[in-house]
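# A structural walkthrough
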Amino acid sequence: PLKAVIFDLDGVIADTAVVHHAAWKRLADEIGVPFDDATGERMKGVDRRGSLDILLQAATRPYTEAEKHTLATRKNDYYREQIEHLGPRNLLPGARTAIEQVRQAGLKVALASASRNAGLLLERLGIADLFDAVVDANRISRSKPDPEIFLAAANALGVAPDECIGVEDAAAGIASIHAAGMAAVGIGQPLALAKADLVLPSIAAFDIGTFTTTRTANWR
Ligand code: BG6
Ligand code: MG
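Sequence order as written defines residue numbering, which begins from 1 separately in each chain. For naming, the first written chain is A and the first written ligand is 1, with later ones following in the order written. Since the coordinates come from a predicted model, pLDDT governs what is reported: local features require at least 70, and pairs of side-chain atoms require 80 or more to be given and counted, while whole-chain, interface and lining totals use all residues. Hydrogen atoms and water are omitted, and side-chain values are computed over all heavy atoms in the structure.

## What to know about the sheet that holds strand β3 (residues 133-136)
Strand pairing is assigned whenever DSSP identifies at least 2 bridges connecting the two strands. What counts as a helix is a DSSP run of H or I of at least four residues, what counts as a strand is a run of E of at least two, and both are numbered from the N terminus. Strand order in the open sheet made by the 6 strands is β3-β2-β1-β4-β5-β6, with parallel pairing throughout. Strands with a single pairing partner mark the edges of an open sheet, and in this sheet they are β3 and β6 (198-200). Strand-to-strand twist of the sheet, defined as the mean angle between neighbouring strand axes without regard to direction, takes the value 20°. When strand β5 (residues 183-187) meets β6, the two strands line up parallel, connected through 3 bridges. Paired with V185 across the two strands is L198, which belongs to β6. Axis definition: a line fitted to C-alpha atoms, limited for helices to the stretch in contact. Angles are taken between N-to-C directions and run from 0 to 180 degrees.

Okay, structure coming up:
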């Protein structure tokens, strides 16, 4: 039986995928490295250092470890400048309702975010107390698409992976959910999330009844 729903944060609950994107774009422009939407899409769900490596694939010279460290910090400074100003209005429409529905259905709720800023963001958005467990990049060692983060979230909730649904806006996240042995709901464009078991256009379309009242085979 379904016992828990594990949500990604950036681009699923918070309107911050665009903020990450803008911070990378600013950095890319400053160092003269090309950056397009397809590159931005590949970075989604990938941790900070992994995202920088994706960006630098288009660079015309190699960067030292020290330089990479400085660049990753710079991007984070740009990102932090923006999220300082965020509040509950930056929740994606329907996000709070989606989480509350899961709780009201008697299921557990966890967060699995690759962001080291997840804790701060949850506080800013005013939803920190809605989660039974929060696993962010500070608590794991292998980035999505590795299953570690979703497995750690299930473990923290005390439920088995096959009793969980994961909700993600990134291809790397869908892969992580599947590798963990969970069913995956994609939020966004079907083309980018082709591997998901179900794709919804936005979190506003999330209806827990889809998963609790129909057999898994009917939607998966
Ligand atoms: C993910 C985002 O949630 O967190 C990525 O989808 C981001 O775009 C990653 O790179 C890491 O975030 P942070 O805040 O630790 O740099
Ligand atoms: Mg995301």
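## A word on the coordination of the magnesium ion (ligand 2)
Atoms are scored as donors when they are N, O or S and lie within 2.8 Å of the metal, with 3.2 Å used for Na, K and Ca; no water is included, so coordination may look incomplete. Those donors, D8 (OD), D10 (O) and D169 (OD), are the protein atoms that reach the magnesium ion (ligand 2), and they lie 2.0 to 2.2 Å from it. Along the chain, the residues donating to the magnesium ion (ligand 2) are arranged with the sequence spacing D-x1-D-x158-D. Here D169 lies in the loop between β4 (164-168) and α8 (171-179) and D8 lies in the loop between β1 (4-7) and α1 (17-31), a separation of 161 residues in the sequence.

## A look at the nonpolar core
For this analysis, a nonpolar core means a set of buried residues of the types Ala, Val, Leu, Ile, Met, Phe, Trp, Tyr and Cys, connected via side-chain atoms within 4.5 Å. Each residue's exposure class comes from its accessible area (1.4 Å probe, protein chains only) as a fraction of the maximum for that residue type: buried when under 20%, exposed when over 50%, partly exposed otherwise. In terms of nonpolar packing, the biggest core is built from 55 residues, with F7, I13, V167, I203 and F206 touching the most fellow members. Between two residues, a contact is recorded if the distance between any of their heavy atoms is within 4.5 Å. Excluding its chain neighbours within four sequence positions, the residues that come into contact with V167 are V5, I6, F7, D8, V12, I177, V185, I187, I203 and F206. Residues A4, A112, A133 and A180 belong to the second largest nonpolar core, which totals 21 residues.

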